[in-house]
Amino acid sequence: MMSSSKIRLISGTSNPLLSKGIAQCLNLPLYNLDVVHFVNDNLKVRINESVRGDDVFLIQTSQPPVNDILMETLQAIDALKHASAGRITAVLPYFPYVRSDKKDEPRISITARLVADLLQTAGADRILTMNLHSPQIQGFFSMPADQILAGKLIIEHFRKGDLSNAVVVSPDAGSAKRAASWAGSLNLPLAIMDKRRSDDNDDARIYHVIGDVKGKDALIFDDEISTAGSMIEAEKALRNLGVNSIKAFAVHGVLAGPAVERLKKSSFDEVVITNTISTPEKDVWDKLTILDVAPLFANAISRINSGDSLSSLFHN
Ligand code: R5P
C-alpha cells in the first residue's frame, strides 16, 4: 500500500486505557469494536466505521480472558480484511502465548508460532509488539514483525535513582543477554541467577547466583512477572546473600494468581512494570510503579505509517 494512507486506530476490548493513551499521543480518534457474546459462547465482532483503503492499527494486548481476546483479535482482523482495509497491523503489546515458544517437552504445541500463523491467516499484514519472551519469536512470522523494546523507558526510570552501588541481576540464564544489555546501558555490573523450573506448576527455584551482590542494590530485570514465583525466589536468594536493597523490573505485569499478594508481602523496595497489560486499581500498591508505553507505540505507529525506520525503538 501507499505509505501515509489515513491511520485508523481501532481498540480491542483488552486494554482500552492503553489504546486511549496511544490515540492521545497521536492526536487521532480511536474507534471501538462491537463485540457480541452469544449464549452458545460464540463471539461476533463488528467494525463500526468504514476502513476502506485505510492504514488500520488494531490495538489488542493479551490479557484475561486470554482465549476470548485472541478469538476477538482474529475475528476483528478477518472483519477488517473483508471490509477492504488497505493494510492491517496487529498491535499486540503483550503477545498471546508468548512463553509457548519451543518444544521443550514431547507432544506439545509451539503455540506462539501457531498464533503467528493464525494472525497471518486472519489477514494481518504486519505485527507490532513489545519485548517478546525470546527474540527468535520474530522468526515465527513470514510478514513484517516489529518488536519494540521498553529498555529506554526503564533506563530513564532507574537513572533517576542512585545507582552508585547497584548491580543488574538476570533472573535466569535465558534472560542473561537482555540483562547484560541493560547493565551495559546503565554502566553497571551484572549477576546471573541459575533458576530452574521442574514442571508446569510455575514454581521456580534458584540454585546459584553468579556475580557479586553482597551489600549491593540489586536491580532484577525480567520480561514478565506472571505468578511472581521467580521474583520471590530471586528475592529470597538475594536477601540470603546479603544485598542492601532489591528492586524488580518486568516489562509485562501479567500478575496472575497469587502474584499481587506475594509481591505486596515481599521486601522489594520497588516493583516496576509497564502498562502493556492493564492493572486493576485494587492490585496497585505503594511500591508498584507502572511506566507508560503509549508514547513508544504511538511513535512506532506513526513511523510505520510514514515508512520511516523503527530501528531507534529496537535498542536499549
Ligand atoms: C520465564 O522464563 C520468564 O522470563 C519469567 O521469568 C517468567 O515468566 C516469570 O514467571 P513467574 O512470575 O510465574 O515466576
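Residues numbered from 1 in each chain as written. Predicted model: local features only at pLDDT ≥ 70, side-chain atom pairs only at ≥ 80, totals over all residues. Heavy atoms only, no water.

Asks: Give a detailed account of the overall build of the protein chain, specifying residues and quantitative values.
Replies: Looking only at helices and strands, one finds eight helices and 14 strands in the protein chain. Here the C-alpha radius of gyration of the protein chain, 20 Å, is about what a compact globule of 316 residues would show, namely 20 Å. Projected onto its principal axes, the C-alpha coordinates of the protein chain cover approximately 60 × 40 × 35 Å. The proportion of buried residues among the 316 residues of the protein chain is 53%. Counting only contacts in the protein chain whose residues sit at least 6 apart along the sequence, the fraction spanning at least 24 positions is 64%. Roughly 14500 Å² of accessible area belongs to the protein chain as shown, and the carbon and sulfur atoms make up 49% of that amount. Side-chain charges in the protein chain split into 34 positive and 37 negative, and the spacing between the mean points of these groups amounts to 2 Å. (Helix = DSSP H or I, 4+ residues; strand = E, 2+ residues; numbered from the N terminus. Rg over C-alpha atoms; globule rule 2.2 N^0.38 Å. Buried < 20%, exposed > 50% of the residue type's maximum accessible area, 1.4 Å probe, protein only. Contact = heavy atoms within 4.5 Å. Areas by Shrake-Rupley, 256 points an atom, 1.4 Å probe, with all protein chains shown as cover. Lys, Arg positive; Asp, Glu negative; His and termini not counted. Charge placed at Lys NZ, Arg CZ, Asp CG, Glu CD.)

Asks: Explain the packing of aromatic side chains to me, using residue names and the numbers behind them.
Replies: Counted under the stated rule, the structure contains five aromatic pairs. Taken together, a centroid distance of 5.9 Å and an interplanar angle of 55 degrees make the contact between F221 and F249 tilted. One end of the pair, F221, is in strand β11 (residues 217-225); the other, F249, is in strand β12 (residues 245-253), with 28 residues separating them in the sequence. You'll find F221 and F249 in the same group, each marked buried. One Lys or Arg, R8, reaches over the ring of Y31 and ends 4.5 Å from the middle of that ring. (Phe/Tyr/Trp six-rings, centres within 6.5 Å; stacked < 30°, edge-to-face > 60°. Lys NZ or Arg CZ within 6 Å of the ring centre and 35° of its normal.)

Asks: Outline the sheet that holds strand β8 (residues 166-170), supporting the account with residue identities and numerical values.
Replies: Strand order in the open sheet made by the seven strands is β10-β9-β8-β11-β12-β13-β14, with mixed pairing throughout. The open sheet has two edge strands, β10 (204-210) and β14 (288-291), and neither has a second partner. Between one strand axis and the next, the sheet turns by 25 degrees as a mean value, whatever way the strands run. In terms of strand pairing, strand β13 (residues 270-274) meets β14 through four bridges, oriented parallel. (Pairing = 2+ DSSP bridges. Axes fitted to C-alpha atoms, helices over the stretch in contact; angles between N-to-C directions.)

Asks: Before we move on, could you go through the site of the ligand and cite the residues and values that matter?
Replies: Not every one of the 14 residues close to the ligand is listed here, only the nearest: D222, D223, T227, A228 and S230. Between an oxygen atom of the ligand and a side-chain N or O atom of D222, the distance comes to 2.6 Å. With respect to the ligand, the side chain of D223 contributes an N or O atom lying 2.5 Å from an oxygen atom. Within the complex, the protein chains bury 94% of what would otherwise be the 380 Å² of accessible surface of the ligand. Put simply, the parts of the chain that give the shell around the ligand at least two residues each are β9 (190-197), β11 and α6 (229-240). Ranked by residue count, the leading element in the shell around the ligand is β11, at four residues. (Near = heavy atom within 4 Å. Polar contact = N/O pair within 3.5 Å; in protein donor to acceptor, adjacent residues only side chain to side chain.)

Asks: Kindly report on the domain arrangement of the protein chain, identifying the contributing residues and their values.
Replies: Domain boundaries in the protein chain define domain 1 (7-150 + 294-313) and domain 2 (151-291). Between domain 1 and domain 2, the C-alpha centre-to-centre distance is 27 Å. Every contact between the two is made by 20 residues of domain 1 and, on the other side, 20 residues of domain 2. A combined buried area of about 1500 Å² lies between domain 1 and domain 2, and 44% of that area is made up of carbon and sulfur atoms. Taken as a group, Y94, R99 and A150 account for 40% of the area that domain 1 buries against domain 2, more than any other trio of residues on that side. With a closest N to O distance of 3.2 Å, R99 and E224 form a salt bridge. Taken together, the residues that form the side of domain 1 that touches domain 2 break down as 10 nonpolar, eight polar and two charged. (Domains from an automatic or database assignment. Buried area = accessible area lost by both parts, 1.4 Å probe. Salt bridge = Lys/Arg side-chain N within 4 Å of Asp/Glu carboxyl O. Nonpolar A, V, L, I, M, F, W, Y, C, P; charged D, E, K, R; others polar.)

Asks: Can you tell me about helix α8 (residues 294-306), naming the residues and giving the values?
Replies: Given 3.6 residues per helical turn, the α-helix brings residues three or four places apart onto the same face. With 13 residues, α8 extends 18 Å from end C-alpha to end C-alpha; this agrees with the ideal 18 Å at 1.5 Å per step. Buried within α8 we find A294, L296, F297, A298, A300, I301, I304 and N305. One or two positions beyond α8, positive phi appears at G307, with a value near 75 degrees. (Expected span 1.5 Å × (residues − 1).)

Asks: Tell me what's going on with the pattern of salt bridges, and back it up with residues and numbers.
Replies: Scanning the entire structure with this criterion turns up 15 salt bridges. Between D269 and R239 there is a salt bridge, with its nearest N and O atoms 3.7 Å apart. With D269 in the loop between α7 (259-265) and β13 and R239 in helix α6, the pair connects residues that are 30 residues apart, well separated along the chain. For R239, a relative accessible area of 31% corresponds to the partly exposed category.

Asks: Describe in detail the nonpolar core, supporting the description with residues and values.
Replies: One broad rule of soluble globular proteins: the nonpolar side chains tend to lie buried together. Among the nonpolar cores identified, the biggest contains 41 residues, and I22, L128, F221, F249 and I301 are the most heavily contacted of them. When residues of this core are assigned to their parent elements, the largest contribution, seven residues, is made by α8. Leave out the neighbours within four places in its chain, and F221 touches I154, F158, V168, V169, P171, W182, L186 and F249. (Core = buried A, V, L, I, M, F, W, Y, C linked by side-chain atoms within 4.5 Å.)

Asks: Just give me the short version of the environment of R126, but keep the residues and values in it.
Replies: Among the secondary structure elements, R126 is positioned in strand β6 (residues 126-130). Under the relative-accessibility criterion, R126 is labelled buried at 17%. Taking the C-alpha atoms as reference points, R126 and L80, separated by 46 residues in sequence, lie 13 Å from one another. Those residues in contact with R126, other than ones at most four positions away along the chain, are R87, I88, T89, A90, M143, P144, D146 and I304. Here the side chain of R126 touches D146 through a polar contact of 2.7 Å, side chain to side chain.

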